[in-house]
Structures are given as C-alpha cells and as structure tokens.
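Structural characterization, general
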Amino acid sequence: MGELEARARTGDVDAWSALYAQHYSTVFRQIRYLCGDRVLAEELAQETFAQAMTACRRYDGRRAFAGWMYGIALNVVRKHWRKHRNRSRAMERYEHLDIGRARVEDPDGSHLRRERSRVLYDVLDELPPRWREAFILREIQGLSTAEAAERLGISNANVAVRVTRARSRIRDELSRRGWLEENGAPA
C-alpha cells in the first residue's frame with residue numbers, strides 16, 4: 001500500500017482528493033463503457049468514489065488501489081442495472097449514445113450509427129451481467145484478456161468463455177432483429 005492510500009485510510013481528505021484526481025478519468029471511462037451514457041456514467045462515478053471513501057478502512061493494499069476502485073465501480077454499475085430493468089427507460093438511456101465515433105455531416109449515416117449503438121446496448125442490456133461485463137471490457141473498451149480478468153477478479157479463461165458466450169448471443173440477437181445477415185455481415 002502506498003503512502004497516499006494509507007493516508008486516505010485514516011480519513012485524510014487531501015489524500016482522497018489526490019486519489020480522486022489520479023483515478024477519476026479511468027473509473028469514469030470504465031463506467032461509461034459499461035453503461036453507454038455520459039451523464040449516467042458521471043453519476044455512477046461519483047457514487048463509486050463516495051462508496052470507496054466510506055469503505056476505505058477495508059482497503060488492505062493486497063491488490064492495486066485502481067483494481068479495488070474498478071471492483072467498486074463494477075458493483076455500482078451492477079446495482080444500477082438491477083434497479084433499472086424497465087425497457088422504456090433503457091431506450092431513453094441509449095437515445096443519445098455517443099461512443100466516441102467521429103461526427104459525420106451525413107445525417108442518414110449518423111442516424112444509422114446511433115441506431116446501431118442503441119440496438120447493441122439494448123442487446124447488451126439483455127445479457128447476463130457477467131457476460132455483458134466481460135464483453136464490454138474486452139470488445140468495446142479494448143482491454144486485454146488479462147486486464148479484463150484483473151478488473152473482474154476472475155481467470156483469463158473465464159473471461160474468454162464469457163466473451164465467447166456473449167458474442168454468440170449478441171450475434172444471434174442482432175440476426176433475429178435484422179441487423180446482421182446469416183453470415184454475420186451487417187444487414
């Protein structure tokens with residue numbers, strides 16, 4: 001455990017401020033990938049740090065502080081998913097989805113990309129949480145299998161299995177909805 005983390009455990013506000021500054025952007029980015037909505041990700045990131053602050057005495061330094069924070073963030077997102085299963089709310093959440101693609105002057109193409117993202121996140125919302133988390137970390141966020149395994153607290157092989165199952169279910173569902181051809185090509 002580093003000096004900053006040790007000071008934060010004792011309630012040192014300056015240490016928490018420094019840890020917040022160091023880790024906020026990566027925690028926010030992870031949550032944004034998981035939920036697909038910037039405003040919601042900001043709220044959940046704040047909740048993550050609030051929970052970390054109240055649980056700081058339980059941080060024992062056996063794993064990296066960033067990994068501990070990712071675990072809390074993942075639990076905050078899981079809790080949010082459990083609370084918000086309503087389909088109409090899911091559609092509202094993904095209406096203004098922007099996952100970092102370049103803006104294009106073609107309104108039809110821009111609409112199609114937004115609709116594809118909305119459909120993808122709608123399908124992701126239907127997956128079992130363990131599959132969804134692994135898929136998002138590996139395939140959307142672009143983490144390596146080892147990085148995803150560390151954040152999820154599972155083995156590399158388990159990440160690979162979860163991603164494979166998620167990918168298969170997503171492919172089947174996108175085909176069923178008419179977004180993919182039988183050969184997996186975009187419709």
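Residues numbered from 1 in each chain as written. Predicted model: local features only at pLDDT ≥ 70, side-chain atom pairs only at ≥ 80, totals over all residues. Heavy atoms only, no water.

Quick look at the packing of aromatic side chains
- Evaluation of the coordinates by the stated rule reveals eight aromatic pairs.
- Measuring from centroid to centroid gives 5.4 Å for Y59 and F65, while their planes differ by 90°, and the two rings are edge-to-face. Neither Y59 nor F65 differs from the other in exposure class; each is buried.
- Each ring, one from Y59 and one from W68, has its centre 5.1 Å from the other, and the planes form 50°; the classification is tilted.
- For Y59, a relative accessible area of 5% translates into the label buried.
- Ring pairs connect the aromatic residues W16, Y59, F65 and W68, which therefore count as one cluster. (Phe/Tyr/Trp six-rings, centres within 6.5 Å; stacked < 30°, edge-to-face > 60°. Buried < 20%, exposed > 50% of the residue type's maximum accessible area, 1.4 Å probe, protein only.)

Points about helix α7 (residues 129-140)
- Restricting attention to buried positions, one finds in α7 the residues W131, R132, E133, A134, F135, I136 and L137.
- Positive backbone phi, at 85°, marks G142, one or two positions downstream of α7. (Helix = DSSP H or I, 4+ residues; strand = E, 2+ residues; numbered from the N terminus.)

Quick notes on the packing of helix α3 (residues 38-54) against helix α4 (residues 65-83)
- The interhelical angle for the contact between α3 and α4, taken along N-to-C directions, is 125°, at an axis separation of 9 Å. By the criterion of interaxial angle, the relationship of α3 to α4 is oblique. Viewed along their axes, α3 and α4 form a crossing whose handedness is right-handed. Seen from α3, the contacting residues are L40, L44, E47, T48, F49, Q51 and A52; seen from α4, they are W68, M69, I72, A73, V76, V77 and H80.
- Residue composition of the contact of α3 with α4, grouped by class: ten nonpolar, three polar and one charged. (Axes fitted to C-alpha atoms, helices over the stretch in contact; angles between N-to-C directions. Parallel < 35°, antiparallel > 145°, perpendicular 65-115°, else oblique. Left-handed = near helix turned anticlockwise from the far one by under 90°. Contact = heavy atoms within 4.5 Å. Nonpolar A, V, L, I, M, F, W, Y, C, P; charged D, E, K, R; others polar.)

What about the confidence of the model for the protein?
- Looking at the protein as a whole, the pLDDT averages 81, with 82% of positions reaching at least 70.
- In the predicted structure, residues 86-104 sits below a pLDDT of 50 and forms 34 contacts with residues beyond four places in sequence or in another chain. (pLDDT = per-residue confidence, 0-100.)

So, the environment of Y24
- Looking at the element boundaries, Y24 is found in helix α2 (residues 13-35).
- Spatially, the C-alpha atoms of Y24 and A66 are 9.9 Å apart, while their sequence positions differ by 42 residues.
- Not counting residues up to four positions away in its chain, the partners in contact with Y24 are E42, A45, Q46 and F49.

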